[in-house]
Amino acid sequence: MNLWNPVRITCLHRANPVVKLLLVCCLFLMTVLTHDIDFVAYQALIFMICLLALSGVRTWKMLLFFIPFLLAFISSSSSMMLFGKGETIWWEWGLFKVSEESFYRGLHLGFKGIAFACEGLLLVTTTSSVDLFYSLMQKLKLAPKYAYSFMASIRLLPMVWEEYVIRRQALKVRGVVPIRGVRGAVNRAGMYVVPLLAQSIRRAHRVAAAMEAKRFDGERGRRRTYFYPSRYSRYDLLTIALLAAAAYGAYAAAGHFPWFGIGDVRFD
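Residues numbered from 1 in each chain as written. Predicted model: local features only at pLDDT ≥ 70, side-chain atom pairs only at ≥ 80, totals over all residues. Heavy atoms only, no water.

**Overview of empty space enclosed by the protein**
Within this structure, the stated rule accounts for one cavity of 30 Å³ or more. Of the voids in this model, the largest cavity is the one considered here, and its volume is about 30 Å³. Secondary-structure elements contributing two or more residues to the lining of the largest cavity are α2 (17-32) and α5 (100-124). Counting residues per element, the lining of the largest cavity draws most heavily on α2, at three residues. (1 Å grid on protein atoms, 1.4 Å probe; cavity = no way out; pocket = protein on both sides within 12 Å on 5 of 7 lines; lining within 4 Å. Points joined across faces, edges and corners; volume = space filled by probe spheres on them. Helix = DSSP H or I, 4+ residues; strand = E, 2+ residues; numbered from the N terminus.)

See the structure below:
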């Protein structure tokens, strides 16, 4: 069962993957260049709402994925708060020092992390890897040998996991008792890593030979036809309008309803 399986289809699912990829790159760039804490806080909030509304995934599943967001927010912001620099000291103990500047910079960093995660998940939860690579080949002229190599490697990952499970069960049947401690961890790594790596290299070599036989390499691969055509549609315009409105909404809300009211956290 795929955890990301949507229960409803939204306009983001119907939009062209290349359009969504470029839009998310633009959103990443906007978040990176944002130094206003209110603006980045509203970005985190609004794109979180967009993720709940547009991903199509059940709300309770998506809320479960917000737990790692919260942990990342706490860890990144607390590190910046406790060890950051600043002139207005609020609290100090040993190596720990919390200043006004480091406190707001920590919050700013945490909100940025949440905004990045939500923007990335908007793409991941609404786009299949096959559609993305087909679109990259047809719209951005990505060489098929790279696109099909990525798609093949993604398909091979479950096989690696299956081989790991089979080897673990085989070792149990043979009565291999795991050794505890550091020596046991090194011993277990030797029993699993070497066979799995050798098998993966052998399988990758067979896939590469098959792709060369089917002429997926070089310029000949660029002239191939595609069973799944990638087209632009009105949903691309709707997606652009929605995400642009979300970004503008965050900017307008930061200007009219600031949570902190300190502006740039660089304090220059």
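Anyway, onward from the coordinates.
**As for a nonpolar patch on the surface**
A grouping of W60, L64, I67 and L71 is seen on the molecular surface, where their side chains present a nonpolar patch of about 440 Å² in accessible area. Among the secondary structure elements, I67 is positioned in helix α4 (residues 59-83). Taking the relative accessible area as the measure of exposure, I67 reaches 46% and is therefore partly exposed. (Patch = residues over 30% accessible without salt bridge, like charges linked within 9 Å, V, L, I, M, F, W, Y side chains within 5 Å. Areas by Shrake-Rupley, 256 points an atom, 1.4 Å probe, with all protein chains shown as cover. Salt bridge = Lys/Arg side-chain N within 4 Å of Asp/Glu carboxyl O. Buried < 20%, exposed > 50% of the residue type's maximum accessible area, 1.4 Å probe, protein only.)

**Some words on the packing of aromatic side chains**
Each aromatic ring pair is summarised here by two numbers: the centre-to-centre distance and the angle between the ring planes. Counted by the stated rule, this structure contains 19 aromatic pairs. For the pair Y42 and W259, a centre-to-centre distance of 4.7 Å together with 45 degrees between the ring planes defines the contact as tilted. In this pair, Y42 is assigned in helix α3 (residues 37-54) and W259 in the segment after α10 (234-256), connecting sequence segments 217 residues apart. Using a relative accessible area of 9% as the deciding quantity, one classes Y42 as buried. When the centroid spacing of 5.6 Å and the interplanar angle of 10 degrees are considered together, the rings of F133 and F150 count as stacked. Here the residue F133 occupies a position in helix α6 (residues 129-139), and F150 occupies one in helix α7 (residues 144-173), the gap between them amounting to 17 residues. For F133, a relative accessible area of 10% corresponds to the buried category. Put simply, the rings of F73, W90, F103, Y104, F111 and F260 touch in pairs and so form one group of aromatic residues. One cation-aromatic arrangement involves K139 over Y232; the distance from NZ or CZ to the ring centre is 4.4 Å. (Phe/Tyr/Trp six-rings, centres within 6.5 Å; stacked < 30°, edge-to-face > 60°. Lys NZ or Arg CZ within 6 Å of the ring centre and 35° of its normal.)

**Describing the UniProt feature "transmembrane region" (unreviewed entry) in the protein**
Listed under "transmembrane region" (unreviewed entry) in the UniProt record, and renumbered for this structure, are residues 12-33, 39-57, 64-83, 114-136 and 232-251. Along residues 64-83 one finds 100% helix and 0% strand; the C-alpha atoms at either end are 30 Å apart. Taken end to end, residues 232-251 comprises 90% helix and 0% strand; its first and last C-alpha atoms sit 29 Å apart. (UniProt positions renumbered as here; feature names shortened; annotations may be inferred.)

**Some remarks on α7**
In this model, α7 (30 residues) spans 43 Å end to end at C-alpha, consistent with the 44 Å of a helix rising 1.5 Å per residue. Among all positions of α7, only P144, A147, Y148, M151, A152, E163, V165 and L171 are buried. Count one or two residues on from α7 and you reach G175, which has phi positive near 80 degrees. (Expected span 1.5 Å × (residues − 1).)

**Description of the nonpolar core**
F47, C50, L51, L107, F111 and L122 are the most contacted members of the largest nonpolar core, which has 37 residues in total. Among the secondary structure elements, those contributing two or more residues to this core are α1 (11-14), α2, α3, α4, α5 and α10. A per-element tally of this core places α3 first, with 11 residues. If we skip the residues at most four places from it in the chain, C50 touches S55, L122 and A246. Counting residues in hydrophobic clusters, the runner-up holds 12 residues, among them V130, F133, Y134 and M137. (Core = buried A, V, L, I, M, F, W, Y, C linked by side-chain atoms within 4.5 Å. Contact = heavy atoms within 4.5 Å.)

**A few points about the pairing of strand β2 (residues 96-99)**
Consecutive side chains along a regular strand alternate between the two faces of the sheet. Pairing analysis gives four bridges linking strand β1 (residues 89-93) to β2, with the strands arranged antiparallel. Its bridge partner lying in β2, E92 is registered against K97. Hairpin connection between β1 and β2: a loop of two residues separates the two successive antiparallel strands, and G94 in this loop has a positive phi of roughly 60 degrees. (Pairing = 2+ DSSP bridges.)

**Brief notes about unusual backbone geometry**
Despite not being glycine, K141 shows a phi value in the positive range, around 55 degrees. Mapped onto the elements of the fold, K141 is located in the loop between α6 and α7. You can call K141 exposed: its relative accessible area is 58%.

**What to know about the packing of α2 against α10**
It is at 10 Å that the axes of α2 and α10 come closest, and there the two elements cross at 10 degrees. Accordingly, the angle class assigned to the pair α2 and α10 is roughly parallel. Counted together, V19, K20, L23, L27 and M30 of α2 and D236, T239, I240, L243 and A247 of α10 form the full contact between these two elements. Counted by class, the contact of α2 with α10 contains seven nonpolar, one polar and two charged residues. (Axes fitted to C-alpha atoms, helices over the stretch in contact; angles between N-to-C directions. Parallel < 35°, antiparallel > 145°, perpendicular 65-115°, else oblique. Nonpolar A, V, L, I, M, F, W, Y, C, P; charged D, E, K, R; others polar.)

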